[in-house]
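# Coordinate analysis (summary)
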Amino acid sequence: MALSGRKVLVTGGSAGIGAAITHELSRQGAQVAVLARASERLDDIARETGARSIPADLREPDAVAHAVESAARELGGLDALVNNAGSFRLGQVHDGRYADWRDMVDLNVLGLLVASQTAVPFLTRSEIGQLINISSMSGRRVSGPATGVYAGTKHAVHAISEGLRSELHDRGIRVTVISPGMVLTNRGEYISDPALRETTARQHTEEGLDPADVATQVCYVLSAPPDVHLVEIALTSARQTP
Ligand SMILES: NC(=O)c1ccc[n+]([C@@H]2O[C@H](COP(=O)([O-])OP(=O)(O)OC[C@H]3O[C@@H](n4cnc5c(N)ncnc54)[C@H](OP(=O)(O)O)[C@@H]3O)[C@@H](O)[C@H]2O)c1
């Protein structure tokens, strides 16, 4: 029970990497609140792990601010926010869809900003305040023609995290980026282009990390000694082609 009593809000914790994070944090004794859109999955994970469910759409700023405050109220404070929810809608720009770009910018960038902004006063009151932003290897490089917009949002996560790291230093809040390569979750099921969706599904199936491997890194960050500030953890499966 290494994280016993730790109060953690996980966005996008009802599926994929976020669900794995929620399971592992709960297993290690943390008190967890899970933010996602209202769904059976959110209810299921709350039942399975004992986490509080906080239904909200991260693309709606007022709802997000309200949800983060509710989570802090229900947990009796906040020691960490894991900004995990993200949208992965690959496609090239020349024939891309505005709705896909909008979803990625609203969720990956603006949702993370509003959740972080609302969480900061609570994290400031914790002696061990920690922000963890789940970025991607696509936040470190652009791997191909269809990844530019997604990578743009994840490069923004890296830049915003750098800014937050210096902004929040005096408040004692640590900011860590975790950058996974491919992870075996939704296998690109939201990608509009059928051929690209199929290729992505195959690559993720053959080369993807287990979501539990990312969850382990989140717990590692939360277990770091108080004087250690982990800046970034980047990881891929050993099967992923560099
Ligand atoms: N899978 C990968 O290969 C991979 C690789 C590198 C980085 N990442 C990053 O890891 C994070 C998690 O990815 P994943 O693959 O685990 O995703 P996922 O399986 O699609 O799960 C996404 C989670 O976010 C929630 N969510 C989606 N839209 C939302 C919204 N508008 N408001 C609130 N919650 C919302 C979903 O629940 P609801 O739909 O019920 O709201 C779900 O809980 C993302 O930031 C992603 O960019 C993933």
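Quick note: structure is the one above.
Anyway, here's the lowdown on the structure attached to this text. Owing to the predicted nature of the structure, the values given are computational and were not obtained by experimental measurement. (Residues numbered from 1 in each chain as written. Predicted model: local features only at pLDDT ≥ 70, side-chain atom pairs only at ≥ 80, totals over all residues.)

### A word on the overall build of the protein
Scanning the protein for helices and strands turns up seven helices and seven strands. Relative to a compact globule of 242 residues, whose C-alpha radius of gyration would be 18 Å, the protein shows 17 Å and is just as compact. The dimensions of the protein, computed from C-alpha atoms along their principal axes, are 45 × 35 × 35 Å. Nonlocal contacts in the protein, meaning residues at least 24 apart in sequence, comprise 70% of its contacts between residues at least 6 apart. (Helix = DSSP H or I, 4+ residues; strand = E, 2+ residues; numbered from the N terminus. Rg over C-alpha atoms; globule rule 2.2 N^0.38 Å. Contact = placed C-beta atoms within 7 Å.)

### Quick notes on unusual backbone geometry
Even without a glycine there, the phi angle at R187 is positive, about 55°. Among the structural elements, R187 can be located in the loop between β6 (174–180) and α6 (194–207).

### Topic: helix α1 (residues 16–27)
The end-to-end C-alpha distance of α1 is 17 Å, a good match for the 16 Å that twelve residues give at a rise of 1.5 Å each. For α1, a buried count of nine out of twelve residues is recorded, marking the element as mostly surrounded by other parts of the structure. Tucked into the core, α1 has its buried residues touching β1 (7–11), β2 (31–36), α2 (40–49), β4 (80–83), β5 (130–134) and α7 (211–222). (Expected span 1.5 Å × (residues − 1). Buried ≥ 20, exposed ≤ 12 C-beta atoms within 10 Å, placed from the backbone.)

### Let's talk about the packing of helix α4 (residues 98–125) against helix α5 (residues 148–167)
The packing of two helices is summarised by the inter-axis angle and the distance between the axes. The N-to-C vectors of α4 and α5 enclose an angle of 15°; their axes lie 9 Å apart at closest approach. As judged from the angle between their axes, α4 and α5 are roughly parallel. Seen along the crossing, α4 lies across α5 with a hand that is right-handed. On the side of α4, the interface is formed by W101, M104, V105, N108, V109, L112, L113 and S116, while α5 contributes V149, Y150, T153, K154, A156, V157, I160 and L164. Class assignment for the residues of the contact of α4 with α5 results in twelve nonpolar, three polar and one charged. (Axes fitted to C-alpha atoms, helices over the stretch in contact; angles between N-to-C directions. Parallel < 35°, antiparallel > 145°, perpendicular 65-115°, else oblique. Left-handed = near helix turned anticlockwise from the far one by under 90°. Nonpolar A, V, L, I, M, F, W, Y, C, P; charged D, E, K, R; others polar.)

### Considering the site of the ligand
In the region of the ligand, 29 residues are neighbours, and G12, G16, R37, G86 and T185 sit closest. At the level of secondary structure, the elements contributing two or more residues to the shell around the ligand comprise α1 and α2. Counting residues per element, the shell around the ligand draws most heavily on α1, which supplies three residues. Class assignment of the residues belonging to the shell around the ligand gives a composition of twelve nonpolar, 13 polar and four charged. (Near = placed C-beta within 6 Å.)

### Some points on the environment of L168
Within the secondary structure, L168 sits in the loop between α5 and β6. Residue classification places L168 among the partly exposed residues on the basis of 18 C-beta atoms within 10 Å. Note: C-alpha distance between L168 and E198 (30 residues apart in sequence) is 42 Å. Setting aside its immediate chain neighbours within four residues, L168 contacts V120, I173 and V175.

### Here's the deal with the packing of helix α3 (residues 61–75) against α4
For the pair α3 and α4, the least separation of the axes is 9 Å and the interaxial angle reads 35°. Relative to α4, the crossing made by α3 is right-handed. Note on element contacts: α4 touches α3 through G111, V114, A115, T118, A119 and F122, opposite P61, V64, A65, V68, E69 and A72. Within the contact of α3 with α4, the residues separate by chemical class into nine nonpolar, two polar and one charged.

### Description of the pairing of β2
Extensive coverage of β2 is indicated by the burial of six of its six residues. In β2, alternate side chains face the same way, and those of Q31, A33 and L35 on one face and V32, V34 and A36 on the other are all buried. With five bridges connecting them, β1 and β2 associate as parallel partners. Each bridged residue has a counterpart across the sheet, and for V10 the counterpart in β2 is V34. In this fold, the crossover linking β1 to β2 by way of α1 has right-handed handedness. As for the winding sense of the linkage, the β-α-β connection from β2 through α2 to strand β3 (residues 52–55) is right-handed. (Pairing = 2+ DSSP bridges. Right-handed = clockwise from strand over helix to strand, strands pointing away.)

### Regarding the pairing of β4
A two-sided burial pattern is seen for β4, the buried positions comprising A80 and V82 on one face and L81 and N83 on the other. Across three bridges, the pairing between β1 and β4 is parallel. Of the residues in β4, the one forming a bridge with V8 is A80. Taken together, the four bridges between β4 and β5 define a ladder with parallel strand orientation. Bridge pairing in β5 places N83 opposite N133. The parallel pair β4 and β5 is bridged by α4, and the resulting crossover is right-handed.

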